[in-house]
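Descriptive analysis of the structure
For reference, the chains in residue letters:
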Amino acid sequence: MGIILSKMRKKIVAGNWKMNKTLQEGLALATELNNVLTDASPKCEVIIGTPFIHLASVTSAVDTSKIHVSAQNCADKESGAYTGEVSASMIKSTGAEYVILGHSERRAYYGETHEILKEKVRLALKNELKPIFCIGESKEEREANKQNEVVKAQLEGSVFNLSVEEFSKVVLAYEPVWAIGTGLTATPDQAQEIHAYIRSLIAEKYGNEVAEDTTILYGGSCKPNNAKELFANPDVDGGLIGGASLKADDFKAIIDAF
Ligand code: PGA
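The structure reproduced in this document is the subject of the present report.

Quick notes on the rules
Residues numbered from 1 in each chain as written. Predicted model: local features only at pLDDT ≥ 70, side-chain atom pairs only at ≥ 80, totals over all residues. Heavy atoms only, no water. Phe/Tyr/Trp six-rings, centres within 6.5 Å; stacked < 30°, edge-to-face > 60°. Helix = DSSP H or I, 4+ residues; strand = E, 2+ residues; numbered from the N terminus. Buried < 20%, exposed > 50% of the residue type's maximum accessible area, 1.4 Å probe, protein only. Lys NZ or Arg CZ within 6 Å of the ring centre and 35° of its normal.

Evaluated as defined, the whole model comprises five aromatic pairs. Residues F160 and Y206 carry aromatic rings whose centres are separated by 5.7 Å and whose planes lie at 80° to one another, so their mutual orientation is edge-to-face. Of this pair, F160 sits in the loop between α7 (147-158) and α8 (164-167) while Y206 sits in helix α9 (residues 188-206), and the two are 46 residues apart along the sequence. Where F231 meets F258, the ring centres are 4.7 Å apart and the plane angle is 20°; that geometry is what we call stacked. Of this pair, F231 sits in helix α11 (residues 227-231) while F258 is found in the segment after α12 (248-255), placing the two residues 27 residues apart along the sequence. Overall, F231 belongs to the buried group, its relative accessible area being 6%. Linked through ring pairs, F160, F167 and Y206 together constitute an aromatic cluster. Positioned above the aromatic ring of Y206 is the side chain of K205, whose terminal nitrogen or guanidinium carbon lies 6.0 Å from the ring centre.

Spatial relationships are all this shows, so hold off on functional conclusions.
Structure (structure tokens):
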């Protein structure tokens, strides 16, 4: 009938370890999580975002069909004389599948602009890494009721240049800066409201079907005790978890919220 049925969008719980865990500690955590998930049948995809140096060891230590592995950043250059940087192709070569880009800590502490992030997203996709692209407003912006314009500018500045095919590989994470690591969480209503707005922007840009298929995660003090009510919202497709991803039990409890 000429109607293309939309595929059900993916539910995801992704951990962002940030700059935590030595290699040995990280391997122990990944192995523990792997064991905990061996006999479980999670109702969502599970991703762990580790520091660069953990990636290759972690992808060998876990069952990557159960635990998908992500980097937390990549260079905005392909290769060459950029001391200390790690390229998207290097990340890909470790067996990692995803890369977190545009995290508010990268934007705030390392000066990552829309333009820089646009280039990182491009290079990630070129190297067959799926970006988990983070957007979200600061406390001041929320107080000034500017959250919608902030997320719109972030999308327009770095990912709305992509083709439909490219954009369909992107996972979005809405992370209000005021909720990250603060213990303050967006209420389920606040999360639903802005997730629905983000989805409406995607629909305007790429059409309804793409919007319906885009996974939009919530991040910011998501914990075992609030994950369920956040994930129950129709436009919240899972979480990007910082602090609570550092303990296998807490992370598993969030996965079980689905
Ligand atoms: P948090 O971090 O869960 O510790 O608030 C979330 C994130 O920054 O991705």
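Moving on from the coordinates now.
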